[in-house]
Amino acid sequence: MEDIFETLVQHNSSWLKGRLTFYKYQGFWNTKDLVEGTILAQQSFKAKPNDVLLSSCPKTGATWLKALAFAIATRDKFDDSTSPLLTTVSHECIPFVEKYVEHNEDNHENSGSPRLVTTHLPYTSLPESLLASNCKIVYIYRNIKDVVVSYYHYMREVLRLSMEDSPFEEAFDDFCQGISLYGPYWDHILGYWKASLERPGEVLFLKYGDMKWDTANEVKKLAEFIGYPFRSKKKKLAWLKRL
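Residues numbered from 1 in each chain as written. Predicted model: local features only at pLDDT ≥ 70, side-chain atom pairs only at ≥ 80, totals over all residues. Heavy atoms only, no water.

Time to look at the environment of Leu-181. Residue position: Leu-181 is located in the loop between α8 (168–176) and α9 (185–198). As a C-alpha pair, Leu-181 and Leu-121 span 60 residues in sequence and 9.9 Å in three-dimensional space. Those residues within four positions of Leu-181 in sequence are excluded, and the remaining contacts are Phe-22, Trp-29, Asn-30, Thr-31, Leu-34, Cys-57, Pro-58, Tyr-151 and Met-155. (Helix = DSSP H or I, 4+ residues; strand = E, 2+ residues; numbered from the N terminus. Contact = heavy atoms within 4.5 Å.)

Okay, here's the thing in structure tokens:
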């Protein structure tokens, strides 16, 4: 796999002080470990027709979407005092496709049906098994102004860089040029948007702002789409009141 990196376009962002090298793979930028994870997933991930894929670009509401989907799908299994979401983050409850390793696959195979998985991969880089299976895909996007600000602060904190050492203006310029994790952001959105128009029964397109301002209706829409609708009006109202 090492040979492929010699053929890829590279970029070192000045505002990240050379601490990360980005590689352009299949039209999108990523770090070396995530490119390797992408290739491994494309080669080995085996999707099932009843899988539910939660997809997004980083910093667009993925954590919230995963928590909601997990809570919806497991509401008959856990109650308010036993849910794993009380003690761990949603990232630990739902495996990433591009970080899929053997021990995760074993856990995933025993996780019940439908299975929930998540990814930041662009639509065009999804493993072929996911596309061929016609499994459900839920995609969330967010206002680009909020995304770039959140991404800037997230990357700074991960790499322990101060705002003085990492000017926002440089990060903004990079983002506008499409150079960010899983970027260009607008191409990422466009891929799933087109898929939602072509396959409306399999791809649900959600907006972070709509989920924030109309949470109850968006949660009902999500629950219906992934196969866990609220059948009992009494139970539905009680659950939605906790949001």
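This part is about helix α2 (residues 32–44). The end-to-end C-alpha distance of α2 is 18 Å, a good match for the 18 Å that 13 residues give at a rise of 1.5 Å each. Within the sequence span of α2, burial applies to Leu-34, Val-35, Gly-37, Thr-38, Ile-39 and Ala-41. Close packing links the buried residues of α2 with α1 (2–5), β2 (21–25) and β3 (28–30). (Expected span 1.5 Å × (residues − 1). Buried < 20%, exposed > 50% of the residue type's maximum accessible area, 1.4 Å probe, protein only.)

With that settled, consider the sheet that holds strand β4 (residues 52–56). Taking strand neighbours across the sheet as the criterion, the four strands line up as β5-β4-β6-β7 in an open arrangement whose pairing is parallel. Each edge of the open sheet carries a strand with a single partner, namely β5 (116–119) and β7 (203–207). Across the sheet, the mean angle from the axis of one strand to that of its neighbour is 20 degrees, orientation sign disregarded. Where β4 and β5 come together, four bridges link them in parallel fashion. Of the residues in β5, the one forming a bridge with Ser-55 is Thr-119. Seen against the sheet, helix α11 (residues 215–226) touches β4, β6 (136–141) and β7 and runs at an angle of roughly 165 degrees to β7. (Pairing = 2+ DSSP bridges. Axes fitted to C-alpha atoms, helices over the stretch in contact; angles between N-to-C directions.)

Let us now look at the pattern of salt bridges. All chains considered together, the criterion is met by three salt bridges. Here Arg-199 makes a salt bridge to Glu-202, at a shortest N to O gap of 3.6 Å. By relative accessible area, which is 24% here, Glu-202 ends up partly exposed. Linking Lys-221 and Glu-218 is a salt bridge whose minimum nitrogen-to-oxygen distance equals 3.3 Å. Within this pair, Lys-221 and its partner Glu-218 are both found in helix α11, separated by three residues, close to a single helical turn. (Salt bridge = Lys/Arg side-chain N within 4 Å of Asp/Glu carboxyl O.)

Turning our attention to the nonpolar core. Core analysis: the biggest nonpolar cluster contains 36 residues, and Val-97, Leu-126 and Leu-130 have the highest contact counts within it. For this core, the secondary-structure elements that each account for two or more residues are α2, β6, α7 (144–159), α8 and α9. Take this core: its biggest share by element is six residues, from α7. When sequence neighbours within four positions are dropped, the list of residues in contact with Val-97 reads Ala-41, Phe-45, Leu-53, Val-117, Thr-118, Thr-119, Leu-121, Pro-127 and Leu-130. (Core = buried A, V, L, I, M, F, W, Y, C linked by side-chain atoms within 4.5 Å.)

So, about a nonpolar patch on the surface. Taken together, the side chains of Leu-190, Trp-193 and Leu-197 make up a nonpolar region of the molecular surface, amounting to roughly 290 Å² of accessible area. By the secondary structure assignment, Leu-197 is in helix α9. Judged by relative accessible area, which is 54%, Leu-197 ranks as exposed. (Patch = residues over 30% accessible without salt bridge, like charges linked within 9 Å, V, L, I, M, F, W, Y side chains within 5 Å. Areas by Shrake-Rupley, 256 points an atom, 1.4 Å probe, with all protein chains shown as cover.)

The contact between helix α3 (residues 62–73) and α11 brings their axes to 10 Å, and the two run at 60 degrees. Put simply, α3 runs oblique to α11. The handedness of the crossing between α3 and α11 comes out as right-handed. On the side of α3, the interface is formed by Trp-64, Leu-65, Leu-68, Ala-69 and Ile-72, while α11 contributes Thr-215, Val-219, Leu-222, Ala-223 and Ile-226. (Parallel < 35°, antiparallel > 145°, perpendicular 65-115°, else oblique. Left-handed = near helix turned anticlockwise from the far one by under 90°.)

As a further point, take the packing of aromatic side chains. Evaluated as defined, the whole model comprises 13 aromatic pairs. Ring centres of Phe-5 and Tyr-23 lie 5.0 Å apart, and the angle between their planes is 75 degrees; this geometry places the pair in the edge-to-face category. In this pair, Phe-5 sits in helix α1 while Tyr-23 sits in strand β2, placing the two residues 18 residues apart along the sequence. Taken individually, Phe-5 and Tyr-23 each receive the classification buried, so the pair is uniform in this respect. With a centroid separation of 5.7 Å and an interplanar angle of 75 degrees, the aromatic rings of Trp-64 and Tyr-208 are classed as edge-to-face. On the criterion of sequence distance, the pair formed by Trp-64 in helix α3 and Tyr-208 in helix α10 (residues 208–213) is long-range, its members being 144 residues apart. Residue classification places Trp-64 among the partly exposed positions, given a relative accessible area of 29%. Looking at Lys-32, its charged tip hangs above the ring of Phe-5, at a distance of 5.3 Å from the centre. (Phe/Tyr/Trp six-rings, centres within 6.5 Å; stacked < 30°, edge-to-face > 60°. Lys NZ or Arg CZ within 6 Å of the ring centre and 35° of its normal.)

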